[in-house]
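Close look at the chain arrangement
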Protein chains: 2
Amino acid sequence: MDALKPHAENRCFGGTVGFYKHTSQECGGEMRFAVYLPPQAQAGQKVPVLYYLSGLTCTEDTFLIKGGAQRLAAELGLMLVVPDTSPRQTGILKEDADWEVGTAAGFYLDATQAPWASRFRMYSYVTRELPELVGKHFPARMDREGIFGHSMGGHGALVCALRQPGRYRSVSAFAPISAPMRCPWGQKAFGTYLGPDAETWRAWDATELLRGGARVPPLLVDQGTQDKFLAEQLKPELLRAACEQAGQPLTLRSQDGYDHGYYFVSTFMADHLRHHAAALTA
Amino acid sequence: MDALKPHAENRCFGGTVGFYKHTSQECGGEMRFAVYLPPQAQAGQKVPVLYYLSGLTCTEDTFLIKGGAQRLAAELGLMLVVPDTSPRQTGILKEDADWEVGTAAGFYLDATQAPWASRFRMYSYVTRELPELVGKHFPARMDREGIFGHSMGGHGALVCALRQPGRYRSVSAFAPISAPMRCPWGQKAFGTYLGPDAETWRAWDATELLRGGARVPPLLVDQGTQDKFLAEQLKPELLRAACEQAGQPLTLRSQDGYDHGYYFVSTFMADHLRHHAAALTA
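Residues numbered from 1 in each chain as written. Chains lettered and ligands numbered in written order. Predicted model: local features only at pLDDT ≥ 70, side-chain atom pairs only at ≥ 80, totals over all residues. Heavy atoms only, no water.

Details of the packing of aromatic side chains
Residue and element names in this part refer to chain A. This is how it is decided: Ring pairs shown here join Phe, Tyr and Trp side chains whose ring centres sit within 6.5 Å, with only the six-membered ring taken for Trp; geometry is labelled stacked below 30 degrees between planes, edge-to-face above 60, and tilted in between. Here a strand is any run of E in DSSP of at least two residues, a helix any run of H or I of at least four, and the numbering for each starts at the N terminus. The buried label applies to any residue whose accessible area, calculated with a 1.4 Å probe on protein chains only, is under 20% of its type's maximum; exposed applies above 50%, and partly exposed to all values in between.
On inspection of all chains with the given rule, the structure shows 36 aromatic pairs over all chains. Considering the side-chain rings of F174 and F264, the 6.3 Å spacing of their centres and the 90 degrees angle between planes classify their relative orientation as edge-to-face. Note that F174 is positioned in strand β7 (residues 170-174) and F264 in helix α10 (residues 262-267), a separation of 90 residues in sequence. The two residues F174 and F264 agree in class, both being buried.

Right under this line is the structure:
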């Protein structure tokens, strides 16, 4: 593996935000991601790794610009790793035609259907290839990984963790797509990437994985009451029911008046970072 | 004056970010601005007003998305008021042709030259019309105003304050254009808006205003050492010299490794907000 050099780098809260491109095996082409290295890491210390999975239409820089996480990540000594939301410029016909599927809408699964299957392997990318890269090139404690995300990325964080029990020490989500099999966004994406047989969808749906016996560390989930996607797409009540049935610890907070965007996410960012740090730096 | 209603509103850190459009007398057409109302204001309390002037290419939402100020503004009880960086769609030929002059490059002065003079009156807009609007429509303590800004907006904050001694209780800047008469950005903008007679430029240059006897409350200025505009455009050493000569208190901090962008601005935002709160909420 060649040396990994950022194509852009900015000092931030005593650490560094770096932006990277590399050729991904899983995704069959260029992938981009961003890393925030806290000051502790730059002082030669190995630090825990917290992955953030972004929502529809976002890129690898959205979270670092809008999330307001670096201040506290610096204080807590957490590395933030933020992948892009899909491969781009894959040559797949109409990859950019619909904001809900294709470019910036990878849904953190491994597609099985043509023409997506060879490139849209975000699950394997996020859980295997990207961590290997991080472990190799950054001062990361790879025995201390946490994962969180927003909306489509909240779904992604829940599913990555539920499919790899014991792997992630901490998990949380902002306004996640809680039960993609039962909402239009998920049905469209799963139908496109996984095909019409809904039985194959269960392996990528957090509520179904919980029903199937998967368990993760205590979950923290925040949801705004004025989120325009709440009733139709997000359905946190289905996550709550699945967790209750499964005995999965869940703190689901309903945040009065907040919507779906980063003004909401940034407001509760500190609570999430402390939730992760409690598990990752203990 | 008609009721002022936001065209977009987002709950944020217990307060509200609101985006407004109105017909400006000074600028002869539509102007846009954003306001962060902290929780104290929503609880019926009048709060101090802190104006933030943005840099070249920014809009009224840049700072609220990237600056990371709302968290502490909520805690300190400060209202943030952020105007756009110029009038837009004025019909002036080539207003969008150059990022250094025209749209998003109003330089917070009152233009005297055709075709700009009728629309590009950002100084009067920021110091008179906008505050009147704020005082009328928001729970603002208009006897407690502070002002700060970034780059072109850092110049703007210094100049607004120096031209109105006694008006602003607190002033600070991130990487300001310290001596616009002596850098390419300023020379181009002043030549365009004020005409070729450089004598008329002095009234809009912080170092010249200091030389002319203007004084403001103790200044806080942060400047990154890796700022690519530092040597050619920003010239903080000229501000330092002018302050020293004038006996104007200045804390000028050189921040090692930081560049010109919002990763830099957000890192030192808390220090600036506390600087303002100390004067505004005392």
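There is more to say, and it comes next.
A word on the UniProt feature "active site" (unreviewed entry) in chain A
All names here are of chain A. What counts is decided by this rule: UniProt positions are given in the numbering used here, feature names are shortened, and annotations may be inferred rather than shown by experiment. Contact criterion: two residues are considered in contact whenever any of their non-hydrogen atoms come within 4.5 Å of each other. The definition of a polar contact used here is a pair of N or O atoms within 3.5 Å, where within protein one atom must be able to donate a hydrogen and the other to accept one, and adjacent residues in sequence count solely through side-chain atom pairs.
As recorded in UniProt, the feature "active site" (unreviewed entry) lies at S151, D227 and H260. In summary, the annotated positions, though distributed over 110 residues, converge in three dimensions, the widest C-alpha pair being only 10.8 Å. Among residues more than four places away in sequence, those in contact with S151 are G55, F174, A175, P176, I177, W185, L234 and H260. Ignoring anything within four residues of it in the chain, the contact list for H260 reads H150, S151, A175, D227, F229 and L234. Of the polar contacts made by the side chain of H260, one reaches the side chain of S151; its length is 2.8 Å.

Points about the interface of chain B and chain A
Selection rule: Buried area is a sum: the accessible area each of two parts loses on coming together, probed at 1.4 Å, counted once for each and added. The term salt bridge refers to a pairing of a side-chain nitrogen on Lys or Arg with a carboxyl oxygen on Asp or Glu at a separation within 4 Å. Side-chain classes are defined by residue name, with Ala, Val, Leu, Ile, Met, Phe, Trp, Tyr, Cys and Pro counting as nonpolar, Asp, Glu, Lys and Arg as charged, and the others, Gly among them, as polar.
The interface of chain B with chain A comprises 22 residues on the first partner and 22 residues on the second. Roughly 1,700 Å² of surface becomes buried between chain B and chain A when both sides are summed, with 55% attributable to carbon and sulfur atoms. One can count zero salt bridges joining chain B with chain A. Run the count over chain B and chain A and you get six residue pairs in polar contact (both at pLDDT 80 or more). Those elements that provide at least two residues to the side of chain B that touches chain A are β1 (8-12), β2 (15-24), α2 (62-66), α3 (70-76) and α10 (262-280) of chain B. Per-class residue counts for the side of chain B that touches chain A are nine nonpolar, six polar and seven charged.

Remarks on the relation of the copies chain B and chain A
As a reminder, the rule being used: Only residues with pLDDT of at least 70 in both copies contribute their C-alpha atoms to the least-squares superposition of the copies.
Of the transformation placing chain B onto chain A, the axial shift is 0.0 Å and the rotation is 180 degrees, giving an RMSD of 0.0 Å. Put plainly, the chains are arranged around a two-fold axis. Interface overlap between copies is the fraction of interface residues in one copy that are interface residues in the other; for chain B against chain A it reaches 100%, indicating a shared surface.

Some details on the sheet that holds strand β8 (residues 219-224) of chain B
Residue and element names in this part refer to chain B. So the rule is basically this: Any two strands with at least two DSSP bridges between them are considered paired. To get an axis, a line is fitted to the C-alpha atoms, and for a helix only the part in contact is used. The angle between two axes follows their N-to-C directions and goes from 0 to 180 degrees.
Judged by pairing direction, the sheet is mixed, and its nine strands sit side by side in the order β1-β2-β3-β5-β4-β6-β7-β8-β9 without closing on themselves. In this open sheet, the two edge strands, each paired with only one partner strand, are β1 and β9 (250-255). Taken pair by pair, the neighbouring strands of this sheet meet at an average axis angle of 20 degrees, ignoring direction. Its contacts with the sheet put α10 on β4 (47-53), β5 (79-83), β6 (140-150), β7 (170-174), β8 and β9, and the angle it makes with β7 is roughly 170 degrees.

Things to note about the sheet that holds strand β8 (residues 219-224) of chain A
Each strand in a sheet pairs with another by means of backbone hydrogen bonds, the pair being arranged parallel or else antiparallel. All names here are of chain A. Judged by pairing direction, the sheet is mixed, and its nine strands sit side by side in the order β1-β2-β3-β5-β4-β6-β7-β8-β9 without closing on themselves. The open sheet has two edge strands, β1 (8-12) and β9 (250-255), and neither has a second partner. Looking at each pair of strands side by side, their axes are set apart by 20 degrees on average, direction ignored. Sheet topology note: the β8/β9 ladder contains six bridges and is parallel.

Details of unusual backbone geometry
All names here are of chain A. Look at the link from A114 to P115: it is a cis peptide, with omega at 0 degrees. Within the secondary structure layout, P115 lies in the loop between β5 (79-83) and α4 (122-137). Of note, A104 is a non-glycine position whose phi angle comes to about 65 degrees, a positive value. Mapped onto the elements, A104 comes out in the loop between β5 and α4. The buried category is assigned to A104, whose relative accessible area is 7%.

Examining the environment of F190 of chain B
Along the chain, F190 of chain B turns up in helix α6 (residues 184-194). Leave out the neighbours within four places in its chain, and F190 of chain B touches L109, H155, P180, M181, G195, W201 and W204 of chain B.

Some words on the side chain of D259 of chain B
Inspection of the secondary structure puts D259 of chain B in the loop between β9 and α10. For D259 of chain B, the side chain forms a polar contact with the side chain of N10 of chain A, separated by 2.7 Å. A polar atom in the side chain of D259 of chain B sits 3.1 Å from the backbone nitrogen of G261 of chain B.

Focus: helix α9 (residues 236-246) of chain A
Residue pairs three or four apart in sequence face the same way in an α-helix, which turns once every 3.6 residues. All names here are of chain A. Inclusion rule: Each C-beta atom gives one direction from the helix axis, and the arc is the one those directions make.
Along α9, the positions that sit buried rather than exposed are P236, L238, L239, A242, C243 and A246. Buried residues of α9, viewed axially, fall in a sector of 155 degrees; they line one side. In α9, those exposed residues whose orientation departs by more than 90 degrees from the buried face are E244 and Q245. Along its buried surface, α9 packs onto α5 (152-163), α7 (206-211), β8, α8 (230-234) and β9. Immediately downstream of α9, the backbone of G247 shows phi near 70 degrees, a positive value.

Notes on the pairing of β2 of chain B
Residues and elements named next belong to chain B. With eight of ten residues buried, β2 lies mostly within the body of the structure. In terms of strand pairing, β1 meets β2 through five bridges, oriented antiparallel. Across the sheet, the residue bridging to N10 is V17, located in β2. Where β1 folds back on β2, the antiparallel hairpin that results is connected by two residues, among which F13 adopts a positive phi of roughly 50 degrees. When β2 meets strand β3 (residues 29-37), the two strands line up antiparallel, connected through nine bridges. Paired with F19 across the two strands is A34, which belongs to β3. Where β2 folds back on β3, the antiparallel hairpin that results is connected by four residues, among which G28 adopts a positive phi of roughly 65 degrees.

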